[in-house]
Structure formats: structure tokens, C-alpha cells
Amino acid sequence: MIKLEAMRVFVTVAELGNIKDASDQLGRTGSAISMTLKQIEEELGGPLFESDRKNALTALGQFVLDTGRDQIRGYDRALSMIHDYAQSRIGGMTLASVPSVVANLIPPLLHRFIADRPGIEIELVDTDSRAVHAAVESGAADLGIAGTPPNDRLVSFQPLFQDRFRLICNSDSRFSQEDGPVDWSDLSDQMLILNGAVTIDDAPEYEKLAQKTSVTVRNVTSLIALVREGLGVTLLPALSTIDLPQGVIAVDLADTKMQRQVGFVTRRNTAQNPAAAAFSDFVRGELPSMIERFGLEPAA
């Protein structure tokens, strides 16, 4: 049976590309590392490397690297959490969040959270909901703030607030001249630029428009730039439309069902990182004032 330390040896060799550097990093002899790699290959029944130089992986080796790296990362994080608990420390955390929350909610929250915890270390990852779910599931992030995950994800979801979607268009477009909200029929002649923020079920009008486009942009800055140049229109949560740059505007949609639910994403059946647990509790306490400040709605 392949043990964790044997897997660590393989991952180190695969990442460094040779046994000598891996030997120096791991503090083990080259012969011991070679023996470990041989034992893994015998256990799996196939070669991990294309040659004895260890600088190119086989298909099996690449799969073992991807899988083993996640397992080692999860183990190291769990061990760090155990030490934090044992020594009564909060430690640190990696927080993955959707861009609109990072840009508007996280700065004031983190400022107050860190003020009372000067020793805490926080890594902030700004990405779309799908990537947040994947990061939490793999252990790359201790806590996520994103939209509702699919049922097949190994994560749990705790709703925090709801945020309606708005139409983002060029400030010279005809939509800037209209008084009321925009109907789906008004967009029949428009190119809809898709993005990672919109994951709506049971919205046939939106799906019909989405099927006519071939452009998807996941970076909000690039998305706004394309809209400003008149390539098309897009949808973004209202929280993302605060302080839009010159040349683009946000217009309300008549379809009030077009909204997202944002909440905490945690790995299912896993003890939570102490820092992530403390931050979660802190955010819940601050949430009512944040909802009022940014015109959001409480979670349903």
C-alpha cells in the first residue's frame, strides 16, 4: 500500500524533475528515493516516468501527481490545523471569493477582523464561483464565498445574502435612454457576452440568449472592456456594478428572478480551519450592516 511519505517523495521528484534536487530537499539519499519510486511503480503496475532522467511523466505519472498533490496538501493543512488547536492559535487561512465580494465587502471586513488578530495570516484568492467551489473541494482554499454550488460538489453551502443581476451595456447604447427596466425581448438583437458570475437555473429567456453567443469572459476587467468597446452586453450582480468605469452603465432587468445567492462554501465532513471558523463567525455578526450598506437582500 502506498504511504503518504512515499507519495510525497514522488511528487517532489516530479515537480523538481530530478532525484538529486529532490534528495537535497527531502534530506534523503538518492538510492532511498529511487527505491521508493520503484516500489510505487511496482504497486501500481506501470512506470511513472518516461525515462530514468525523471524529467518527463507518463500519463499514469501525471494522474498520480495531480491526485497525490491534492492529498498531500490536504494532509499538511490538517496537520497545521491540529498544531493551531493544540497551541491555542488561530494561525492563517486561504479565502477564495468571487470578485464583487472581494472588491466591496472583504476590505472593510478584513480590516476590522485583522485589527484584533495581528498574528493571523490570510491569503485571498479572487476568482469566479466555479473556481471557488473547486478550490474549497480540493483543499486549496479553507473557506469560500461564492454562489450556490452544484449538488455533485463535495462542499457545503451556507447562504449569506441575495444579489440581483443587472444588464451592463455601453453608455451610448439605446438602453441608456430607456426609463424603465429592460425586458428579455429588448435583448433579442443583442450579443450577450457570457461570464462566470451567471449560473441561473430555470431562466429560459436567459438560456435562449446565451445559446446564441460563443464568447465567454471570466475576468471582470476584460468583460467590462469588451462591453465598453461595443462588442455586446452582459449580466453582472448588482454588487459588481458599484463604481463602474466611464463608458459603461448598469440597467435594471424586468425579470426579478434573475438573482444569485451568495454564501460560505466549506468542504463537507471536514473540520474547519480555526481562522476560517473565526472569520465566518465575524462575518455573520457584521452581515446585517453590510447588507443595508450595499442594498443587498438577506438570504432566502
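Structure shown above.
Thresholds, definitions, all that
Residues numbered from 1 in each chain as written. Predicted model: local features only at pLDDT ≥ 70, side-chain atom pairs only at ≥ 80, totals over all residues. Heavy atoms only, no water. Core = buried A, V, L, I, M, F, W, Y, C linked by side-chain atoms within 4.5 Å. Buried < 20%, exposed > 50% of the residue type's maximum accessible area, 1.4 Å probe, protein only. Helix = DSSP H or I, 4+ residues; strand = E, 2+ residues; numbered from the N terminus. Salt bridge = Lys/Arg side-chain N within 4 Å of Asp/Glu carboxyl O. Patch = residues over 30% accessible without salt bridge, like charges linked within 9 Å, V, L, I, M, F, W, Y side chains within 5 Å. Areas by Shrake-Rupley, 256 points an atom, 1.4 Å probe, with all protein chains shown as cover. Contact = heavy atoms within 4.5 Å.

Draft legend 1. Up close: the nonpolar core. In terms of nonpolar packing, the biggest core is built from 36 residues, with Val101, Leu105, Ile145, Phe161 and Phe279 touching the most fellow members. Elements with a contribution of two residues or more to this core: strand 1 (92–97), helix 6 (106–115), helix 7 (129–138), strand 3 (143–147), strand 4 (155–170), strand 7 (259–267) and helix 10 (274–294). In terms of residues, this core owes the most to one element, helix 10, which gives 10 residues. Membership of the second largest hydrophobic core comes to 19 residues, among which are Val198, Ala210, Val251 and Leu253.

Draft legend 2. Focus on the pattern of salt bridges. Throughout the structure, instances matching the rule amount to 15 salt bridges. Taking the shortest distance from any N to any O, the salt bridge between Asp76 and Arg8 comes out at 2.9 Å. In this pair, Asp76 sits in helix 4 (residues 59–86) while Arg8 sits in helix 1 (residues 4–16), placing the two residues 68 residues apart along the sequence. Here Asp76 falls in the partly exposed class, since its relative accessible area comes to 34%. According to the relative accessible area criterion, Arg8 is buried, its value standing at 18%.

Draft legend 3. Highlighting a nonpolar patch on the surface. Nonpolar side chains collect at one region of the surface, where Tyr75, Leu79 and Ile82 lie side by side and expose about 270 Å² of accessible area between them. Looking at where Ile82 falls in the secondary structure, it is placed in helix 4. Residue Ile82 is classed as exposed on the basis of its relative accessible area, which comes to 53%.

Draft legend 4. Geometry of unusual backbone geometry. If you check the backbone angles, Lys54 has positive phi at about 65° while not being a glycine. Mapping Lys54 onto the fold places it in the loop between helix 3 (30–44) and helix 4. Phi is positive for Asn269, close to 55°, though the residue is something other than glycine. With relative accessibility at 79%, the residue Asn269 sits in the exposed group.

Draft legend 5. Molecular detail of the environment of Ala140. Mapping Ala140 onto the fold places it in the loop between helix 7 and strand 3. Measuring from C-alpha to C-alpha, the distance between Ala140 and Val233 comes to 33 Å, with 93 residues separating the pair along the chain. Once residues within four sequence positions are removed from consideration, Ala140 is found in contact with Arg73, Arg77, Thr94 and Ala135.

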